[in-house]
Amino acid sequence: MDTVSTPGAPPPPVSFGEAFRYWLKLGFISFGGPAGQIAMMHQELVERRRWISERRFLHALNYCMLLPGPEATQLAVYIGWMMHRTLGGIVAGTLFVLPSVFMLIALTWIYLAFGTLPVVAGILYGIKPAVTAIVVFAAYRIGSRALKNGLLRAMAGAAFVAIFAFDVPFPAIVLTAALLGYLGGRFAPEKFRTGGHGAADKSYGAAIIDDDTPPPAWARFSWGRLIGYSAAGLALWGGAMALLAAQGGWQSTFTQMGWFFSKAALLTFGGAYAVLPYVYQGGVEHYGWLTGPQMIDGLALGETTPGPLIMVVAFVGFVGGWT
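Per chain, residues are indexed from 1 in the order of the written sequence. Since the coordinates come from a predicted model, pLDDT governs what is reported: local features require at least 70, and pairs of side-chain atoms require 80 or more to be given and counted, while whole-chain, interface and lining totals use all residues. With hydrogens and water excluded, all non-hydrogen atoms of the structure serve as input to the side-chain values.

Caption draft 1: Layout of the overall build of the protein. Think of it this way: any DSSP run of H or I at least four residues long counts as a helix, any run of E at least two long counts as a strand, and we number them from the N terminus. For the protein, the count of helices and strands is 12 helices and zero strands. Secondary structure elements of the protein, listed N to C terminal, follow the sequence α-α-α-α-α-α-α-α-α-α-α-α. Summary of the burial criterion: residues with accessible area below 20% of their type's maximum are buried, those above 50% are exposed, and those between are partly exposed, where the area comes from a 1.4 Å probe applied to protein chains only. Here the protein holds 323 residues, and 38% of them are scored as buried. Whether two residues are in contact is decided by their heavy atoms: any pair within 4.5 Å suffices. Put simply, 68% of the contacts in the protein that link residues at least 6 apart link residues at least 24 apart. The protein chains shown are the only cover counted for residues, whose accessible areas, like all others here, come from Shrake-Rupley with a 1.4 Å probe. Carbon and sulfur atoms make up 71% of the accessible area of the protein, which totals about 17,000 Å².

Caption draft 2: Inspection of a nonpolar patch on the surface at higher detail. Together, F16, F20, L24, F28, I29 and L87 line one region of the surface with nonpolar side chains, adding up to about 500 Å² of accessible area. A total of five residues in the nonpolar patch trace back to one element, the largest contributor, which is helix 1 (residues 16–29). When you line up the elements, I29 lands in helix 1. Each patch groups residues whose relative accessible area exceeds 30% and which form no salt bridge, using 9 Å between like charges and 5 Å between nonpolar side chains of Val, Leu, Ile, Met, Phe, Trp and Tyr. Here, a salt bridge means any Lys or Arg side-chain nitrogen found within 4 Å of an Asp or Glu carboxyl oxygen.

Caption draft 3: Examining unusual backbone geometry more closely. Notably, R50 is not glycine yet its phi reads approximately 55°, a positive angle. Residue position: R50 is located in the loop between helix 2 (33–48) and helix 3 (54–66). Under the relative-accessibility criterion, R50 is labelled buried at 2%. A positive phi angle, near 60°, is found at R85, a position not held by glycine. Looking at the element boundaries, R85 is found in helix 4 (residues 71–113). On the accessibility criterion, R85 (48% relative accessible area) is partly exposed.

Caption draft 4: Looking closely at the pattern of salt bridges. In the structure shown here, the tally under the stated rule is four salt bridges. Among the salt bridges present, the one from E44 reaches R48, with a minimum N-O distance of 2.6 Å. With E44 and R48 both in helix 2 and four residues apart, the pair spans about one turn of that helix. Salt-bridge contacts for R55 lead to D211; the nearest nitrogen and oxygen are separated by 4.0 Å.

Pasting the structure below:
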């Protein structure tokens, strides 16, 4: 049985098996995009189980939102890593996306092999109202915690207008917000204490990773670990690319897919919606792996499966390999 303690006492240590079961469950129920997924983790890990405090959760989320890639997945990796070292982070990140990969591949195979998209779409469109409600409620929950004054709400509104009305690049918006936050922290610190290590307005009791919990030994910075992990990651990526090139040449479909999605992985600031135009331009217009209508169909399938929406790239890759 999963461990849930009383609010006045710190929760008991969480076993690796209990964490494994939670991350596996989350991988199957993480509908609603990043807002819904973050809200689910907050409700379960901050409010109910108290694996991590509100302040540390928001602090980690702030950093994850600055990195390329799906921030909800990265947040899960961070919490898993803090609790159970490298293996915990790998398990959390893998189980977060693995169910959605297999579900999306299965739906894509049905879509391509049997042409039953109208039937599938009917089922998925029935789910969409519930998913929409989850997203709206999650956006409200996250926004109510992060935007505590008129200045922060005005910044959020300006960012919304900039990205949707004027197509301002997302990195430019993030850099501008960071600059404003730096200046605000110096000249109006009382307005910029929300989130991160600022004053969280709610406490749910002592947490395993609490506000003042010192980082474990494996979470402290080390040049040796940084170089080692970076070298291992580059070696894995380089080995995979070399194997693809050896099998079919640099211009083969799979090699070009590997190179294209490697570049896309470095541009996914702001989540899937920010990078989808880039994926569309490459997969549809440049390489011709799929058509425009097929890309829209893939987005519909991706929106109605759990996991990060960026997993729609699995649809793009499957259709490209099929054709």
